[in-house]
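For reference, the chains in residue letters:
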Amino acid sequence: MANITVFCRFRPLSSKEKRDNGDSVCIRSMDSETFVFKDEKEEEFAFSFDKVFYEESLQADVYEFLALPIVRGAVNAVNGTIITYGQTGAGKTYSMEGPSILELDDLKKGLLPRVVDGLFECIKSADKSDKYRIKLSMVEIYMEKVRDLLDLTKDNILIKESKVQGILLSGVTEICISDPADALQSLSSGIANRAVGETQMNMASSRSHCIYIFTVQSELSDKRVKTGKLILVDLAGSEKVEKTGAEGKVLEEAKTINKSLSVLGNVINALTCGPTTKASHIPYRDSKLTRILQDALGGNSRTALLCCCSPSPLNAAETLSTLRFGARAKHIKTSPFVNRAQDKLAKKHEDVAPTKDELCERILIRLRERLDVEDVELLEELFILEGILFDPSSFEDLESAYEDVTLRTISSLQQAVEELVFTIEELKSENRALKARMEAAERFNALHKEAGENASVMRKISNILSFFISWVRSFPLLSMLK
Ligand SMILES: Nc1ncnc2c1ncn2[C@@H]1O[C@H](COP(=O)(O)OP(=O)(O)OP(=O)(O)O)[C@@H](O)[C@H]1O
Ligand SMILES: [Mg+2]
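Residues numbered from 1 in each chain as written. Chains lettered and ligands numbered in written order. Predicted model: local features only at pLDDT ≥ 70, side-chain atom pairs only at ≥ 80, totals over all residues. Heavy atoms only, no water.

Looking at an unreviewed UniProt entry, one finds the protein chain named Kinesin-like protein and attributed to Hevea brasiliensis. According to its UniProt record, the protein chain has this under Sequence similarities (unreviewed entry): "Belongs to the TRAFAC class myosin-kinesin ATPase superfamily. Kinesin family." (UniProt positions renumbered as here; feature names shortened; annotations may be inferred.)

Rendered as structure tokens:
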């Protein structure tokens, strides 16, 4: 287990901050790891991080302390993630790219071009018998959609999870980069596709979270393949809309950015509040950002966080919030390991995405493992009756597909039970009506019978009477009287 390393960087005061508030700053340096921060009410707080980069810090130092160990790890098949976090205009993109990704001034070059140089240098000094290949992917999360910056037709990439490879972006473009110059050209064309807008806080404000993924594959002399993934994340900054003056589309972007950053905060809180048990829920799935960063925040990754801040008292509230976020993140533990070298053939097999049928079969196999054969047969029948279709492309991963099918099965069963209960209620009320009708009929029959009995007595009486009358009439005297 390793803790996330957390660094803090203060950019120089901007000309606007100097104009509005002079040269005053809200921090007092203690040493290279600790400083005292003064909030708006002049209250002081001490903060310590793995390293603090003050206003005059060099881009090269940031790379060396924060990124170099992670770059070396990636070449040795240990996954790594570098995240820049902070308020809008705090220097995240500057730290990541420099003034521009194609910046030639060695002093100003940001982390990205230095990481590219570092990767190729590490490969050069590695065992000559190993063959290396570096692949690059770039995506941005814009308005909660993952867009491929190297192929804009892929504008809603699905996030999947593999047991072996961790979090994956399904179908994302991967290009092989052969040298640093080639890499910078590709990075530059991808960055040109990124959503950027002008706000009152930043002329070139990132309106999306940008994710750069370098995959370093090494083929060892015994033909086995090792893979290390290096992910760099330039987050969009949190913003107070009254300060940025966001309106219309920019306002909508700001709301989405703030929402996903608040989910990131919730994930960090969940990870650092008390012991994390298997059962405790970490809301990774509440945003695309946290889902993609799932490995970086608690999984197989060595992770570094750069908290970028303004030193101006005008931004003290936002700076304090960034510092508190960083202080919390320091407690997160990840479990990076050397990704096991795999047989090239096995690797190839794994790279091939399973077909729809294969996936359905695998889901049913998993159901069979957990349920009786009869249950599974019943479920299959129910699926057919309910018209449940397996559509693997809509599932993020097999695990969620399984959960999804199970949930749908449970809800189908619940529905069936509800229908049954309803039918029983209907039958009961029909039964009651029938019973009432039968009782009425019985009563009627009884009356009818009584009436019938009366009628037969009457008939008998009338028969007797008519017999009597005809008998009386048969007397001669009476005939004469008549
Ligand atoms: N360390 C630094 N040295 C000199 N200038 C800097 C430094 N950090 C940032 N800047 C300048 O500050 C401005 C804002 O920086 P940047 O665009 O990197 O902010 P951001 O954190 O990415 O903001 P957003 O969240 O809006 O994208 C830019 O003009 C940049 O050149
Ligand atoms: Mg930016």
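Picking up after the structure, the text goes on.
A. Expanded view of the sheet that holds strand E5 (residues 44-48). Reading across the sheet, the three strands line up as E3-E4-E5 and stay open at both edges, with antiparallel pairing between neighbours. Strands at the two margins of the open sheet, each flanked by one partner only, are strand E3 (27-29) and E5. For this sheet, the mean inter-axis angle between neighbouring strands, taken without regard to orientation, is 25 degrees. Summarising the sheet, E3 and strand E4 (residues 34-38) pair through three bridges and their orientation is antiparallel. Of the residues in E4, the one forming a bridge with Arg-28 is Val-36. (Pairing = 2+ DSSP bridges. Helix = DSSP H or I, 4+ residues; strand = E, 2+ residues; numbered from the N terminus. Axes fitted to C-alpha atoms, helices over the stretch in contact; angles between N-to-C directions.)

B. Main features of the coordination of the magnesium ion (ligand 2). Within the protein, Thr-93 (OG1) and Ser-206 (OG) serve as the donor atoms for the magnesium ion (ligand 2), at 2.0 to 2.1 Å. With Thr-93 in helix H3 (residues 92-97) and Ser-206 in strand E14 (residues 205-206), this pair connects stretches of sequence that are 113 residues apart. For Thr-93, a relative accessible area of 23% translates into the label partly exposed. (Donors = N, O, S within 2.8 Å, 3.2 Å for Na, K, Ca; no water. Buried < 20%, exposed > 50% of the residue type's maximum accessible area, 1.4 Å probe, protein only.)

C. Representation of a nonpolar patch on the surface in the model. Taken together, the side chains of Val-457, Met-458, Ile-461, Leu-465 and Ile-469 define a hydrophobic patch exposed on the protein surface, amounting to about 450 Å² of accessible area. Tracing the chain through its elements places Met-458 in helix H13 (residues 398-473). The class for Met-458 is exposed, based on a relative accessible area of 55%. (Patch = residues over 30% accessible without salt bridge, like charges linked within 9 Å, V, L, I, M, F, W, Y side chains within 5 Å. Areas by Shrake-Rupley, 256 points an atom, 1.4 Å probe, with all protein chains shown as cover. Salt bridge = Lys/Arg side-chain N within 4 Å of Asp/Glu carboxyl O.)

D. Structural view of the environment of Leu-107. Checked against the element boundaries, Leu-107 lands in the loop between H3 and helix H4 (111-124). Placed 48 residues apart in sequence, Leu-107 and Gln-59 show a C-alpha to C-alpha distance of 6.5 Å. Setting aside chain neighbours within four positions, we find Leu-107 in contact with Leu-58, Gln-59 and Arg-114. (Contact = heavy atoms within 4.5 Å.)

E. Region of the structure containing the site of ligand 1. Near ligand 1 there are 16 residues, and of these Thr-88, Gly-89, Lys-92, Tyr-94 and Ser-205 occur at the shortest range. Ser-205 is positioned with one of its side-chain polar atoms (N or O) 2.6 Å from an oxygen atom of ligand 1. Between ligand 1 and Gly-237 there is a distance of 2.9 Å, counted from an oxygen atom to a backbone nitrogen or oxygen. Look at ligand 1: alone it shows 630 Å² of surface, and the protein chains cover 76% of it. Per-element accounting of the shell around ligand 1 gives the leading share, three residues, to H3. Each residue belonging to the shell around ligand 1 can be placed in one class, and the counts come to four nonpolar, nine polar and three charged. (Near = heavy atom within 4 Å. Polar contact = N/O pair within 3.5 Å; in protein donor to acceptor, adjacent residues only side chain to side chain. Nonpolar A, V, L, I, M, F, W, Y, C, P; charged D, E, K, R; others polar.)

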